[in-house]
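What the coordinates show
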Amino acid sequence: MKYEASFDVFKHQNKFIRTRKKFPALVGGYGSGKTVALCLKALLELGRNPNKTILLAEPVYPMVRDVLQPTLEKCLKDVGFNYRYKAGEVMYDISWTGGGGKIILRSAENWRRWAGLNLAGFGIDEACLLKDDSAWRMGISRLRDGHHLTGFTASTPEGFNWHYNYWVGDKKNDYELIQAKSSDNKFLPQEFIDSLYENYDERLILAYLHGQYVNLQHGQTYYGFKREKNVQEVQYNPHLPLHIGMDFNIEPITAVLFQTYNDKPMVRVFDEFQIYHSGKNELLTETLAKQIKERYEKLDLMGKPVLRGAYICYPDPSGKNRHTSAYYSDHDILRKEGFDVRVPRRSPLVIDSVNAVNKAMDFTIIDPKCKNLIKDLEQVVNKEGTRDIDKTNKDLTHLSDGFRYAINYLYPIRKPRATSIMA
Ligand SMILES: Nc1ncnc2c1ncn2[C@@H]1O[C@H](COP(=O)(O)OP(=O)(O)OP(=O)(O)O)[C@@H](O)[C@H]1O
Ligand SMILES: [Mg+2]
């Protein structure tokens, strides 16, 4: 095909694009050229299956629009193919001298809607983010029309999950794994690599830079926490605002209290609350807010209580919905109590917020009296084979969830975009 001459691909990309194995996966570090390889592979597979259809997917639709579509269009231009985009069908009608075919773009989250398609091939970008193999199996069941039927994935590894089992753990003959490091993309700027080192802990560096499957799902969720390092006496400073990570449940409702500094340790956790119903018909959220203000009263010079800017809380993002048992939402109640409520516009992915807490363990200390938070950080585990938090033990996860909302708000980990740096 024409692009052999006009586009220099890296070795790992070339191997993935050209393999004749039915089910290849390109697993690589951030920015290693996975999405480009996925799009080029789709074009090469169209060459092997003239006038047929290939589906390309991202885990969720916003990624289709923000990542897949621009990458595919850039690849089409680079290789000099003609195309017409049909927005209604999210489809590219592609033609080149002597041939053509269709590429349709979909989200893997909505894999059920793939039913009824007749495909020659399908490719899933960032497939390791999917919680199970449903989309993969659906894709395979739609391979019905072509000379070289194929399914392929390109992804940053997310530990020993379903993807690992297919391509390593229980690998079958027609599966092939190709691995790459971020640095295998010779054009990645050093600042991109540096920012990854700044953002991620050692274990995630192995996964997100070196493209290795490492243990992210078995055992301790907050593996960055070390009692020897992170548990130290903390002095409460009455002149600084209180930051409060909160988690609402039917009960208990919990809060983790900390203060922030510019120098390390930047996060200093000094107290925790865990309250249950007293048996009266009370609003737990209101009771908690009142208890916090009572224990940590802020006074101005005249000795009058101060509210403004004194209590900053980071509640469960889902608490903006009205509570079934109350007239006001939990967030409304907190505001009425004078708390400054900070919630992200979009609920964060659990994976991202857990990564943020693990990284924050480099600059956090926790007072030994916060026994329940410490217990959580040591004992909360992932659901077997996933990066979801195991919530079966009702005594665990509340305090660490509240702390996670706060840390993710204040110290989020943003994956740098190789494309925007290189554009
Ligand atoms: N063979 C290549 N030659 C030149 N530039 C390339 C090549 N492959 C990829 N790139 C460029 O490198 C950058 C990263 O590529 P791409 O988005 O495919 O990587 P990725 O591994 O999917 O990244 P992410 O981890 O962010 O999803 C893009 O700007 C892309 O255009
Ligand atoms: Mg990508």
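Predicted, not measured: the structure shown is a model, and the values here were computed from it.

Description of the overall build of the chain
- What the chain contains, in helices and strands, is 15 helices and 14 strands.
- For the chain, the spread of C-alpha atoms along the principal axes amounts to about 85 × 45 × 40 Å.
- Counting only residues that meet the buried cut, the chain has 42% of its 423 residues in that class.
- The long-range share in the chain, meaning contacts at least 24 apart out of those at least 6 apart in sequence, stands at 72%.

A closer look at the environment of F152
- Along the chain, F152 turns up in strand 7 (residues 150–155).
- Residues F152 and A42, spaced 110 residues apart in sequence, show a C-alpha to C-alpha distance of 9.2 Å.
- For F152, the contacting residues outside a window of four places in its chain are F23, P24, A25, K41 and G123.

Observations concerning the domain arrangement of the chain
- What the domain assignment reports for the chain is domain 1 (11–208) and domain 2 (227–410).
- Summarising the inter-unit geometry, the C-alpha centres of domain 1 and domain 2 are found 39 Å apart.
- Listed per partner, the contact involves nine residues of domain 1 and seven residues of domain 2.
- When grouped by side-chain class, the residues that make up the side of domain 1 that touches domain 2 number three nonpolar, three polar and three charged.

Remarks on the packing of helix 2 (residues 11–18) against helix 3 (residues 34–48)
- It is at 9 Å that the axes of helix 2 and helix 3 come closest, and there the two elements cross at 35°. In the packing of helix 2 onto helix 3, the handedness of the crossing is right-handed. Touching Q13, F16, I17 and R18 of helix 2 are V36, A37, L40, K41 and L44, all from helix 3.
- Here the contact of helix 2 with helix 3 is composed, by residue class, of six nonpolar, one polar and two charged.

Details of the sheet that holds strand 6 (residues 121–125)
- As summarised here, the arrangement of the eight strands in space is 3-4-5-2-6-7-1-8, forming an open sheet in which the pairing is mixed. A single partner strand is all that each edge strand has here, and the edge strands are strand 3 (82–86) and strand 8 (175–180). With strand direction ignored, the average angle separating the axes of adjacent strands in the sheet is 15°.
- Here strand 2 (residues 53–58) runs beside strand 5 (residues 99–107); their pairing, made up of six bridges, is parallel. Following the sheet pairing, L56 is matched in strand 5 by L105.

Some details on unusual backbone geometry
- For the bond running from K264 to P265, omega is -10°, close enough to zero to count as cis.
- Despite not being glycine, N51 shows a phi value in the positive range, around 60°.
- We note that E126 has phi near 45°; this positive angle belongs to a residue other than glycine.
- With respect to the secondary-structure elements, E126 resides in the loop between strand 6 and helix 5 (134–141).

Parameters at a glance
- Residues numbered from 1 in each chain as written.
- Chains lettered and ligands numbered in written order.
- Predicted model: local features only at pLDDT ≥ 70, side-chain atom pairs only at ≥ 80, totals over all residues.
- Helix = DSSP H or I, 4+ residues; strand = E, 2+ residues; numbered from the N terminus.
- Buried ≥ 20, exposed ≤ 12 C-beta atoms within 10 Å, placed from the backbone.
- Contact = placed C-beta atoms within 7 Å.
- Domains from an automatic or database assignment.
- Nonpolar A, V, L, I, M, F, W, Y, C, P; charged D, E, K, R; others polar.
- Axes fitted to C-alpha atoms, helices over the stretch in contact; angles between N-to-C directions.
- Left-handed = near helix turned anticlockwise from the far one by under 90°.
- Pairing = 2+ DSSP bridges.

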